[in-house]
Each structure stands twice: as C-alpha cells, then as structure tokens.
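Residue strings, one per chain:
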Amino acid sequence: MNPPPEDQLELFPGPPENHGALDQMQREIRFVSETVATILDSLPVQRRPLSDSTKALHVRVTWLRRNGYCPCCQQLKVCTAEGKLAGAAEFDHWYARHRNGPEETWLVCASCNRSLEATHYKASIRSAFESYQLALRPFLTAGQAELFQ
Ligand SMILES: [Zn+2]
C-alpha cells in the first residue's frame, strides 16, 4: 500500500476527538517550558573565573602600564615583575559575574574589590576602569607576544 499523499498527512494522527487532547497537551508543554525559562532567568548567575591567559594578561598590563599598582586606588601593589600576584590582589568582574573576558575584568586590590560592590563607588571609579581598558587594548590587538618583551 502506498503512503498517503503529503496533503493528506495529518499533523495529529488519530480520530478527530483526540485533537483537543493534543491541543491541551501542547498548551501544557508550552506552559512548562515557559516556567522553566522563568526559573532559569531568576537563578543567580554562575560566577565564571578568569582564564589563566586573561589573568596573565592583566598581571602584565598592570605591571607594565601601572607599575604593578592597583589601577583602581593607585596605592597598593597587586603584581610583581615576575608576573606574580602581590599583596591582596583580586580579579574584579566589572560588568557581571559571568563576564570574564579581558575587556570585562581587571586586577585590583582586595580593598577596592570590596568597595566596588557599592554602586556609587563603582560609578566614581568608572573612568579608572576605562583608562585601564585603553591601556590594555593594544595588548589585545597587537598580540601579547610582541608587547610582553
Ligand atoms: Zn586598590
């Protein structure tokens, strides 16, 4: 027996009285998937740590362009010439906990990292972050090897 032509294929097989149940099931599946999406949206975003290469980049840029001082307060050493973290150095996620790229993070002292949790303080320091990012940019575009000599 040949299969029925395409225009005769039913989207929902079975007798017509089953179609209402299928509609109902579709509505319920849609409700469940929307609910799951809402739950996922409300979950706290996972903090994504910086990659080793991003950390190394910040250490080098901070050493070469900020003499190893915290680019936020300019007062505490946060890294050494040997590429090591110094004192209470921490990597700050400027935009959000899950945004961990070099242009979204920087190396600051622990004290600044705490202060940056306050919105008004963060707003006051934005220009320092942007200035640091301007210093970082050539390292991103030129490739790290050349500038790291
Ligand atoms: Zn600082």
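Small disclaimer: the values here were computed from a predicted structure and weren't measured.

(A) Molecular detail of the overall build of the chain. Counting its regular elements, the chain contains 5 helices and 2 strands. The order of α-helices and β-strands along the chain, N terminus first, is α-α-β-β-α-α-α. The buried share among the 149 residues of the chain stands at 17%. In the chain, the proportion of contacts linking residues at least 24 apart, taken out of those at least 6 apart, comes to 50%.

(B) Summary view of helix α1 (residues 19-42). Between its first and last C-alpha atoms α1 spans 35 Å; for 24 residues at 1.5 Å apiece the expected length is 34 Å, and the two agree. Of all 24 residues in α1, 0 are buried, a share of ten percent or less.

(C) A look at the confidence of the model for the chain. Chain-level pLDDT for the chain is 87 on average; 83% of the residues reach the 70-or-more range. Mean pLDDT values over the elements of the chain span from 51, in helix α5 (residues 144-147), up to 98, in strand β2 (residues 105-109).

(D) Focus on unusual backbone geometry. The phi angle at N67 is positive, at roughly 55°, despite the residue not being glycine. What makes N67 exposed here is the crowd of 11 C-beta atoms within 10 Å. For Q74, which is not glycine, the phi torsion reads 60° and is therefore positive. Structurally, Q74 is set in the loop between α2 (52-66) and β1 (89-93). Look at Q74 and you get exposed, because 11 C-beta atoms sit within 10 Å.

(E) Representation of the nonpolar core within the structure. One finds C70, V78, C79, A89, L107, V108 and C109 to be the most contacted residues of the largest nonpolar core, which totals 18 residues. When contributions to this core are tallied by element, the ones reaching two or more residues are α2, β2 and α4 (119-142). Dropping the residues within four chain positions of it, L107 is found in contact with H58, V59, T62, V78, C79, A89 and F91.

(F) Main features of the environment of E130. Mapped onto the secondary structure, E130 falls in helix α4. Look at E130 and you get exposed, because 11 C-beta atoms sit within 10 Å. Remark: the alpha-carbon pair of E130 and E103, spanning 27 residues in sequence, is separated by 9.4 Å.

(G) Broad picture of the pairing of β2. Most of β2 is tucked away: 5 of the 5 residues are buried. On β2, burial covers both faces: T105, L107 and C109 on one face and W106 and V108 on the other are all buried.

Basis of the calculations
- Residues numbered from 1 in each chain as written.
- Predicted model: local features only at pLDDT ≥ 70, side-chain atom pairs only at ≥ 80, totals over all residues.
- Helix = DSSP H or I, 4+ residues; strand = E, 2+ residues; numbered from the N terminus.
- Buried ≥ 20, exposed ≤ 12 C-beta atoms within 10 Å, placed from the backbone.
- Contact = placed C-beta atoms within 7 Å.
- Expected span 1.5 Å × (residues − 1).
- pLDDT = per-residue confidence, 0-100.
- Core = buried A, V, L, I, M, F, W, Y, C linked by C-beta atoms within 7 Å.

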